[in-house]
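# Structural overview for review
Listed below, chain by chain, are the residues.
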Amino acid sequence: ALVVAFRGAVRRPGRSFAPDQLHVERALGSGSYGEVFKGQLDVHGTAQPVVLKRVKSRVQDGEEMGEMEVLMNVHAAKSAARAVAPYLGFCDVPAGAAAPGGLSPGLWLLWRYEGCKTLASYLGRRDGLRALASDLGVPEALVVPVALRQVLSNLAVLHASGLIHRDVKPLNLVVAENDRRLKLIDLGSCADLRSGVNFHPQEYILDPMYAPPEQYVLPTDSPHLARSLLGQAMSPLLWARHQPDRFDSWSAGVVLLCLALPHLRTDAGLSRFLSEFEAAQYDLDAWRARCKWVAPRDFAPLDADGGAGWEVARGLLRPRNIRVAPDGHVAFLAGGGARWPARLSAAE
Ligand code: ADP
Ligand code: MG
């Protein structure tokens, strides 16, 4: 209904740019429904590097999803600005109009270009953690907890604004060159739990490698509740009780393991972990006890500081018993309040 409203009288929110203010330079990647390019935005003679994403109108539901992505970005840019790459606005290129800058007809969304590296590009390199440490400006020994904390504090900010991301993974975490920190990108799978907008997860858009098993997000023992949660806007009370933000903290847990354990950085390695973890009934210690293919020394960064990192991984990948504090620290609801690592000051 919302999308219908948009097509009717309601104006699309956010800033609108003219096609002749933009030109495309090169492709950045192609995801589930959009095509993404690096380009330049010209405002009153000043050019600025931008990321341009075209909504694939031929994909079923592509247009609706594009309008959702606009809404999520407008909301996040206002209420969670620190956590996400800055959304600039949109450009509607009319059909039949050949735009001078190389934009094909359709709806284009624009963000500030934050740099050429996502977390995935580091994890794909042998010296990835060293490069990441140097780009984030932290000692290599601290890069795993610092990166995780940045991810978690971004999520805490996003969640406080009422959004869950639902597609947290290395490809959707960009290292912002100027700020020297990780930011979330790709709000195309976001749900706004206050309004219920886009809360129906379209299964095919969720990444099975990073999305949690369903029973971790909503209680399996009360199907009527799960149904009502999925069917309508979620009240603050239900949010507090069922913590749908656990969706993202599970994904963050998987990201943590990928950061710490090089064997999990390939699709094959990650799939193997996920199926073994499921077979171990999501008991991380049981998985580790049986695991023969990850070198014991690879666990060292997680075992440092009295195993604080391992405890965080265990907590993130366990259902509904942790809270992420606004500064990105993990607090356990039951038992102690592990802060990891103890040495990190709030400034880091
Ligand atoms: P998709 O829906 O295709 O996954 P994304 O929004 O994730 O689209 O963008 C695809 C890729 O483009 C990202 O993985 C990243 O490499 C790059 N990218 C997206 N936004 C930015 C940005 N603001 N700054 C730099 N690179 C970006
Ligand atoms: Mg993406």
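Above this text is the structure in question.
This structure is a prediction, so every number in the text was calculated from the model and none was measured.

## Concerning the packing of aromatic side chains
The description of two aromatic rings rests on the distance between their centres and on the angle between their planes. Scanning the model with the defined rule gives 10 aromatic pairs in all. Aromatic pair Phe37 and Trp108: ring centres 5.8 Å apart, planes at 45°, arrangement tilted. Of this pair, Phe37 sits in strand E2 (residues 34-43) while Trp108 sits in strand E5 (residues 106-112), placing them 71 residues apart in sequence. For Phe37, a relative accessible area of 17% gives the class buried. Ring geometry for Trp250 against Tyr282: centres 5.7 Å apart, planes inclined by 75°, an arrangement best described as edge-to-face. Remark: Tyr282 occurs in the loop between helix H10 (267-279) and helix H11 (284-290) and Trp250 occurs in helix H9 (residues 246-260); sequence separation between them is 32 residues. No difference in accessibility class separates Trp250 from Tyr282, as the two residues are buried. The rings of Trp250, Phe273, Phe277, Tyr282, Trp287, Trp293, Phe299 and Trp310 are connected pair by pair, giving a single aromatic cluster. Taking NZ or CZ as reference, Lys38 lies 4.9 Å from the ring centre of Tyr113, over its face. Positioned above the aromatic ring of Phe299, the side-chain terminus of Arg288 is 4.0 Å from the ring centre.

## Description of unusual backbone geometry
A negative phi angle characterises most non-glycine residues, just as the trans form characterises most peptide bonds. Despite not being glycine, Arg180 has its phi angle at roughly 55°, a positive value. Inspection of the secondary structure puts Arg180 in the loop between strand E7 (173-176) and strand E8 (181-184). With a phi close to 65°, Asp186 is a non-glycine residue in the positive phi region. With respect to the helices and strands, Asp186 occurs in the loop between E8 and strand E9 (191-192). Classification of Asp186 as partly exposed rests on a relative accessible area of 23%.

## Some points on the coordination of the magnesium ion (ligand 2)
Surrounding the magnesium ion (ligand 2) are the protein donor atoms Asn172 (OD1) and Asp186 (OD), at 2.1 to 2.2 Å. Note that Asn172 is positioned in the loop between strand E6 (163-164) and E7 and Asp186 in the loop between E8 and E9, a separation of 14 residues in sequence. Classification of Asn172 as buried rests on a relative accessible area of 5%.

## Focus: the packing of H9 against helix H12 (residues 300-316)
It is the contact of H9 with H12, at a shortest axis distance of 8 Å, that shows an interaxial angle of 140°. Classified by the interaxial angle, the pair formed by H9 and H12 is oblique. The crossing of H9 and H12 is left-handed. Between H9 and H12, the contacting residues are Arg246, Ser249, Trp250, Ala252, Gly253, Leu256, Leu257 and Ala260 on the first element and Leu302, Gly309, Val312, Ala313, Gly315 and Leu316 on the second. Looking at the contact of H9 with H12 residue by residue, the classes come out as nine nonpolar, four polar and one charged.

Conventions we followed
- Residues numbered from 1 in each chain as written.
- Chains lettered and ligands numbered in written order.
- Predicted model: local features only at pLDDT ≥ 70, side-chain atom pairs only at ≥ 80, totals over all residues.
- Heavy atoms only, no water.
- Phe/Tyr/Trp six-rings, centres within 6.5 Å; stacked < 30°, edge-to-face > 60°.
- Helix = DSSP H or I, 4+ residues; strand = E, 2+ residues; numbered from the N terminus.
- Buried < 20%, exposed > 50% of the residue type's maximum accessible area, 1.4 Å probe, protein only.
- Lys NZ or Arg CZ within 6 Å of the ring centre and 35° of its normal.
- Donors = N, O, S within 2.8 Å, 3.2 Å for Na, K, Ca; no water.
- Axes fitted to C-alpha atoms, helices over the stretch in contact; angles between N-to-C directions.
- Parallel < 35°, antiparallel > 145°, perpendicular 65-115°, else oblique.
- Left-handed = near helix turned anticlockwise from the far one by under 90°.
- Contact = heavy atoms within 4.5 Å.
- Nonpolar A, V, L, I, M, F, W, Y, C, P; charged D, E, K, R; others polar.

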